[in-house]
Amino acid sequence: MAYDYDKSIRPGKLPHIWCPGCGHGIVMKGLIRAMDTCELDRDNTAIVSGIGCASRLPGYLDACTLHTAHGRAAAFATGVKMAKPEMNVIVCGGDGDGTAIGGNHFIHACRRNIDMTYVIMNNYIYGMTGGQFSPCTPTGDKASTTPYGNPDPIFDISKLAIGAGATFVARTTAFHATQIDKLITEGIKHKGLAVIEVLDDCPTTYGRRNKFRSVVDMMKRLKDISVPVAAASKMTAEQLEGKTLTGILHQEDKPEYTAMYKEVIKRAGGAA
Amino acid sequence: MAKKVALLQGNEACAHGALYAGCSFFGGYPITPSTEVAEVLSGELPKIGGKFIQMEDEIGAMASVIGASLTGAKALTATSGPGVSLKQELIGYACIAETPCVIINVMRGGPSTGMPTGPGQSDVMQAMWGTHGDHAAIALVPASCQEIFSETVRAFNLAEKYRMPVQVLYDEIVGHMREPVEFPEPGELEVIDRTAPSVGPEAYKPYDTSFGDVPPLAAFGSGYKYHVTGLNKAEDGFPTTKADLVDAEERRQISKVKNPTALADIESNEEYLTEDAEVIIWAYGSTARSSRYAVNELRKEGIKAGLFRPITLWPFPEKRTAELAKQAKAIVVPEMNLGQMILEVERVAMGACKIAGVHRVDGEPINPGQIIAQVKEVL
């Protein structure tokens, strides 16, 4: 039986703004399946985003949706979660939004280990503004502001999240559609800050400038560079050159922030 | 039973005023000279099940406050000039998304780091014009510790009533000065909560103007699912670029504050010996206290001086300022900046009387002697 996405999508809000071939729609469908698998009550679920193509995602979903300012999604979401810890909080957005202008909020949300699920769509570029390089644009690649090739080194978003203290970090790609919802499901179930990095494609502003002849080529690349964590353990460093690990990269149990604050309330003699 | 009276610093009075108003969330970042507001609330909020969070930066603090407010909490942040500069984009977000919240700005000088431990009144134009785009602003300027308490309560009331950010500005002198503060009994000061929707979730629109210029606001997690954005939006909360809808939205966000009924509700001024005054000293915050002393001294010398003290600075008290400009020979505007509100006084007076400023930005308060000298000079 075909999966029924319509019950989660706001009537009249499609078509979406994303270009043909963009992977954000694949991620959105994965998120819908994950929310369903976790039986999230959408009345009690906030989906928070920043600015950019990926940040338009919440508007399509039937929930409490908050499209904030550029880079600030994690900080707005922290306010929502602190004020109403019983709400499910999902954050989504792109690589520039989350790790450049929003980098400080991102690492501190990870450090606090506040119970939110951050789905970060990494398409290596600022798409909405026309293809300027982001902290994730590979060194040497072309962007509208790196006509001679990008001199900047990149952020590895998942490593950044682990280093900053996130207690669940996973990575997949827009090619691995069914893995997206499995990992988001695990992230939602995890108590603490979960980051799910989805390597994504932007054929319009990144692909064209970097010699990808088609969306299929971009998808094929996502497939080719991916190595599941388990398989990687049996591979040599040489074999892993240029590859990206996928699956659950890091998971640990640590006290969650709103639970810690409940203890503060107890110590102060208050009733939560 | 006698009321509780405590010797409080202005910043402490602010924190207790916020609690009286029902504040249940504080998101902040340390900055002199406002930090005591955060320190007091970090101790008091958890006692009542409220939430205190020290965010990673000023912008994050403002973001957390808006997020918390959307869940129904009365939310507060406190900062000073550099922090307000950083918060400006999100103050604009709270304007367009019509989210109630209160921002305390304990003013120091500037620009940039300036003199962090000295007083200033140089953020008064920033309070109105700091964020980009057309918008309305409400800013209150208390002059004593007691008034900081009550104006903080009023700031929450106005934020909730008009669904917008409200700023409370006081200079470092009042922020760090200690005065006896009488705690009002519960119910003694009015406490206003935002209007909740009267329709069910299916019919709810977050910017439904059939309920007036200030549509009811549902809390996230209360059964109402809706969309909030910083883009220009239609009544259903979703983005629009339709010219007529954008125009109506932009104009309503200003008219909800600037219509005559709202203005009468929001404006608050104090006048002292203005009835027969030939010279008006137009002053706010701690500068108004020096001005009151100056008025008394001038009266002893037979000079008919009076004090006009705005407590609501924005919207600007246009009507009363214009009337006083017609009545008086001169208006003297002392302020701890190099001439900000004097520009508004000049605009409204339209040449009806002489206008002169007394300005000081060296970290020292304006003393009565300076004001008296300027009054004598201008008359």
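None of the values given here were measured: they were computed from a predicted structure. Within each chain, residue numbers correspond to sequence positions counted from 1 in written order. Each chain takes a letter, starting from A, and each ligand takes a number, starting from 1, following the order in which they are written. Owing to the predicted nature of the model, reporting of local features is limited to residues with pLDDT of at least 70; listing and counting of side-chain atom pairs is limited to 80 or more, with chain, interface and lining totals taken over all residues. The side-chain values count all of the structure's non-hydrogen atoms but skip hydrogen atoms and water molecules.

(A) Quick peek at the sheet that holds strand β9 (residues 227-229) of chain B. Strand order in the open sheet formed by 9 strands is β9(A)-β10(A)-β7(A)-β8(A)-β4(A)-β3(A)-β1(A)-β2(A)-β9(B), with mixed pairing between adjacent strands. Every interior strand has two partners, whereas the edge strands, β9 (226-228) of chain A together with β9 of chain B, have only one. Adjacent strand axes in the sheet meet at a mean angle of 20°, parallel and antiparallel pairs treated alike. Strand pairing follows a simple DSSP-based rule, namely that at least 2 bridges must link the two strands. The helix count covers DSSP runs of H or I at least four residues long, the strand count covers runs of E at least two residues long, and both are numbered beginning at the N terminus. With 6 bridges joining them, strand β7 (residues 168-173) of chain A and strand β8 (residues 193-199) of chain A adopt parallel strand pairing. The partner of A:Val169 across the bridge, within β8(A), is A:Val195. Strands β7, β8, β9 and β10 (244-251) of chain A of the sheet are contacted by helix α8 (residues 215-225) of chain A, whose axis makes an angle of about 35° with β9(A). Here an axis means a line fitted to C-alpha atoms, over the contact stretch when the element is a helix, while the angle between two N-to-C directions is reported on a 0 to 180 degree scale. Two residues qualify as a contact provided that any one of their heavy atoms is within 4.5 Å of a heavy atom in the partner residue.

(B) View of the interface of chain A and chain B. Of the residues lining the interface, 41 residues belong to chain A; the matching set on chain B comes to 41 residues. Summed over both partners, the accessible area lost on bringing two parts together, with a 1.4 Å probe, is the buried area. Interface area, chain A with chain B, both sides summed: about 3100 Å², of which 62% is carbon and sulfur. What counts as a salt bridge is simple: a side-chain nitrogen of Lys or Arg found within 4 Å of a carboxyl oxygen of Asp or Glu. Our count for the chain A to chain B interface comes out at 4 salt bridges. Between A:Asp43 and B:Lys225 there is a salt bridge, with its nearest N and O atoms 2.9 Å apart. Within 3.5 Å is the distance limit for a polar contact, defined as a pair of N or O atoms, with the added protein rule that one can donate a hydrogen and the other accept it, and that residues adjacent in sequence qualify only through two side-chain atoms. Run the count over chain A and chain B and you get 15 residue pairs in polar contact (both at pLDDT 80 or more). Among the secondary structure elements, those contributing two or more residues to the side of chain A that touches chain B are β2 (64-67), α2 (73-83), α4 (103-112) and α11 (257-267) of chain A. Looking at the side of chain A that touches chain B, the element that brings in the most residues is α2(A), giving 7 residues. Examined bridge by bridge, β2(A) and β9(B) share 3 bridges and lie parallel to one another. Along β9(B), the bridge assignment pairs A:His67 with B:Thr229.

(C) Main features of the pairing of strand β11 (residues 279-282) of chain B. All names here are of chain B. When accessible area is computed with a 1.4 Å probe and restricted to protein chains, residues below 20% of their type maximum are described as buried, those above 50% as exposed, and intermediate ones as partly exposed. Because side chains alternate across β11, one face comprises the buried residues Val279 and Ile281, and the other comprises Ile280 and Trp282, equally buried. A clockwise course of the path from the first strand over the helix to the second, judged with the strands pointing away from the viewer, identifies a crossover as right-handed. Regarding the hand of the β-α-β motif, the stretch spanning β11, helix α10 (residues 286-300) and strand β12 (residues 305-310) is right-handed. Note: β11 against strand β14 (residues 330-335), 3 bridges, orientation parallel. The residue of β14 that forms the bridge with Val279 is Ala330.

(D) Molecular detail of the state of the cysteines. The disulfide criterion used throughout: a pair of cysteine sulfur atoms within 2.5 Å. Counted according to the given criterion, the structure contains 0 disulfides over all chains. No disulfide involves A:Cys136; its nearest neighbouring cysteine sulfur is the one of A:Cys110, lying 13 Å away. Under the relative-accessibility criterion, A:Cys136 is labelled buried at 3%. Free cysteine: B:Cys95, not disulfide-bonded; nearest cysteine sulfur from B:Cys101 at 8.3 Å.

(E) Inspection of the domain arrangement of chain B at higher detail. All names here are of chain B. As assigned here, chain B comprises domain 1 (5-182), domain 2 (209-264) and domain 3 (271-378). Annotation comment: domain bounds sourced from an automatic or database domain assignment. Taking only C-alpha atoms into account, the centre of domain 1 sits 26 Å from that of domain 3. Taken together, the contacts link 27 residues of domain 1 with 22 residues of domain 3. Across the domain 1/domain 3 interface, buried area totals approximately 2000 Å², and carbon plus sulfur atoms make up 58% of it. Where domain 1 packs against domain 3, one counts 2 salt bridges. For Glu179, the salt bridge is made with Arg289, and the minimal N-O distance between the two is 2.5 Å. If you list the elements that add at least two residues to the side of domain 1 that touches domain 3, you get α5 (124-129), β6 (138-140), α6 (145-162) and α7 (172-176). If one sorts the elements of the side of domain 1 that touches domain 3 by residue count, α5 sits on top with 5 residues. Partitioned by chemical class, the residues of the side of domain 1 that touches domain 3 number 17 nonpolar, 4 polar and 6 charged. Residues were grouped as follows: Ala, Val, Leu, Ile, Met, Phe, Trp, Tyr, Cys and Pro as nonpolar; Asp, Glu, Lys and Arg as charged; and all remaining residues, including Gly, as polar.

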